[in-house]
Amino acid sequence: MKRVSYNTSNSYETMFENNNTTKSIWLVFHGIGYLSKYFLKYFENLNPLENYVIAPQAPSKYYLKNEYKYVGASWLTKIDTKDELQNNFAYLDAVVENEGIINSKNLVLFGFSQGVSILTRWMAMRQIQPKNIILYAGGIPNELTKENFEYLNFEDTKVTFIYGNSDFFLTEKRLETEKKKIESLFQNKAEILSFEGGHEMKPNLIAELVSNK
């Protein structure tokens, strides 16, 4: 296999304004099959005066359901994972630099489904210290260890894991494994919550996960 390096570009979406009334800056990672502009609709219930939402776009776009009509995207697959991760990291670095939020003290990292995977990898590799980490209906990659998150100050960062009690991706065995992993990685500091429902976003719950007081 041969490889080349080249420059590329990618879009991302934002919602509301980042100004002197903003109390939380959300960096939200969608799951497989989403586009960032549609993923943003789940955050419409947030107070627009206190929240600013940034939705990075997974780079690998494809047509859904073989209809050549609707488009979705994926962050990475099992093919060329290491290279794709580095490409994703470089893209996310560029997004936060462009938005000027690299050292933000009111950053909320939110990941849904596959978005949890890229969020936790990027956060750990770049040692991001957000105000809130919300892991929603997704699994943390097995290569990440407790040592990857030792840099976190849990006095400053709140960690929440949330899932639907009828999520078809979360068998009883897998849920038990994920809970143990989360307890270990985040030193028993993570709050674990469930809701009535499956593998789905619940907009009414999202606004309750972060306090802007």
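Note on numbering: residues in each chain are counted from 1, in written sequence order. A pLDDT threshold of at least 70 governs which residues receive local features in this predicted model, and a stricter bar of 80 or more applies before side-chain atom pairs are shown or counted, although totals over entire chains, interfaces and linings include all residues. Each side-chain value is worked out from all heavy atoms of the structure, with water and hydrogens disregarded.

This part is about a nonpolar patch on the surface. A cluster of nonpolar side chains, contributed by Tyr63, Tyr68 and Val71, occupies part of the molecular surface with about 340 Å² of accessible area. Helix and strand definitions follow DSSP, with helices as H or I runs of at least four residues and strands as E runs of at least two, each counted in order from the N terminus. Its place among the elements puts Tyr63 in strand 4 (residues 60-63). Exposure categories follow from relative accessible area, calculated using a 1.4 Å probe and restricted to protein chains: below 20% of the type maximum is buried, above 50% is exposed, and the middle band is partly exposed. Classification of Tyr63 as partly exposed rests on a relative accessible area of 45%. Residues qualify for a patch when their relative accessible area is over 30% and they have no salt bridge, like charges being joined within 9 Å and the nonpolar side chains of Val, Leu, Ile, Met, Phe, Trp and Tyr within 5 Å. The method behind every accessible area is Shrake-Rupley, applied with a 1.4 Å probe, and residues are considered shielded solely by the protein chains displayed. Salt bridges, as used here, are contacts in which a Lys or Arg side-chain nitrogen is within 4 Å of a carboxyl oxygen on Asp or Glu.

Summed over all chains, the structure comprises nine salt bridges. Here Glu50 ties to Lys23 by a salt bridge, and the two come within 3.5 Å at their closest N and O atoms. On the criterion of sequence distance, the pair formed by Glu50 in the loop between helix 1 (36-39) and strand 3 (51-56) and Lys23 in the loop between strand 1 (12-15) and strand 2 (24-29) is long-range, its members being 27 residues apart. Lys181 is the partner of Glu178 in a salt bridge, and the nearest nitrogen-oxygen pair spans 3.3 Å. One end of the pair, Glu178, and the other, Lys181, are both in helix 4 (residues 172-185), three residues apart, so they sit about a helical turn from each other.

In these notes, a set of buried Ala, Val, Leu, Ile, Met, Phe, Trp, Tyr and Cys residues joined through side-chain atoms within 4.5 Å is what counts as a nonpolar core. Membership of the largest hydrophobic core comes to 42 residues, with the highest contact counts inside it found for Phe29, Leu109, Trp122 and Phe186. At the level of secondary structure, the elements contributing two or more residues to this core comprise strand 2, strand 3, helix 2 (81-99), strand 6 (107-112), helix 3 (114-126), strand 7 (132-136), strand 8 (158-164) and helix 4. The next biggest cluster of nonpolar side chains, apart from the first, holds 24 residues, and it includes Met15, Ala55, Ala137 and Ile206.

With a 1 Å grid spanning the protein atoms alone, the term cavity applies to any set of points in which a 1.4 Å probe fits but cannot get out, the term pocket to an open set with protein on both sides within 12 Å along at least five of seven lines, and the term lining residue to any residue with an atom within 4 Å of a point. Grid points are joined across faces, edges and corners, and a volume is the space filled by probe spheres set on the points. Space inside the largest pocket adds up to approximately 730 Å³. Taken together, 22 residues line the largest pocket, and the ones lying closest to its centre are Tyr6, Thr8, Asp83, Glu84 and Asn87. Looking at the lining of the largest pocket, the elements with two or more residues in it are strand 4 and helix 2. With ten residues, helix 2 is the largest single contributor of residues to the lining of the largest pocket.

So, to be careful, I would describe these as geometric facts and stop short of saying anything about function.
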